[in-house]
Amino acid sequence: NIPKSCKREDLKKLFSGDEGFFAFREVRHMVFVDFAETKHATRSMRQHQGQTLPGFPPNHPGIVIDYDKDKRSKRNAMFELSMKG
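Residues numbered from 1 in each chain as written. Predicted model: local features only at pLDDT ≥ 70, side-chain atom pairs only at ≥ 80, totals over all residues. Heavy atoms only, no water.

## Observations regarding the nonpolar core
Now for step 1: By size, the foremost hydrophobic cluster in this structure holds 12 residues: Cys 6, Leu 11, Leu 14, Phe 15, Phe 24, Phe 35, Ala 41, Met 45, Leu 53, Phe 56, Ile 63 and Ile 65.
Now for step 2: Secondary structure elements with two or more residues in this core: helix H1 (8-16) and helix H2 (38-48).
Now for step 3: Looking at which element gives the most residues to this core, the answer is H1, with 3 residues.
Now for step 4: In this structure, Met 45 is in contact with Ile 65, Asp 66 and Tyr 67, ignoring residues within four places of it in sequence. (Core = buried A, V, L, I, M, F, W, Y, C linked by side-chain atoms within 4.5 Å. Buried < 20%, exposed > 50% of the residue type's maximum accessible area, 1.4 Å probe, protein only. Helix = DSSP H or I, 4+ residues; strand = E, 2+ residues; numbered from the N terminus. Contact = heavy atoms within 4.5 Å.)

Below you can see the structure in the form of structure tokens.
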């Protein structure tokens, strides 16, 4: 639910300062933010849920964050591919 008018760099900055931040990546119009541990991801998710950034239109409900629902093995394979370039 991130508007195209929102700069991805602003979104990355939002999460990259959080404890345990590991990586930021885009896959098929979705943004994934990876953390070292689940507790770090949970803390960041709670902190930023519903937050808006420059480029969000007025009355936008803000960022909707949830956990990746893919199996860990699939997620890890996709992450490895994204890191190769």
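## Topic: the side chain of Ser 44
Now for step 1: Along the polypeptide, Ser 44 turns up in helix H2.
Now for step 2: Once residues lying within four places of it in the same chain are set aside, the contact partners of Ser 44 are Phe 15, Asp 18 and Phe 35.

## Regarding the environment of His 29
Now for step 1: Looking at the element boundaries, His 29 is found in the loop between strand S1 (21-27) and strand S2 (30-35).
Now for step 2: Separated by 25 residues in the primary sequence, His 29 and Lys 4 have C-alpha atoms spaced 9.5 Å apart.

## A closer look at unusual backbone geometry
Now for step 1: One non-glycine residue, Asn 59, adopts positive backbone phi at about 70°.
Now for step 2: Take Asn 59: it is sitting in the loop between H2 and helix H3 (72-83).
Now for step 3: Asn 59 gets classed as exposed once you look at its relative accessible area, which sits at 81%.

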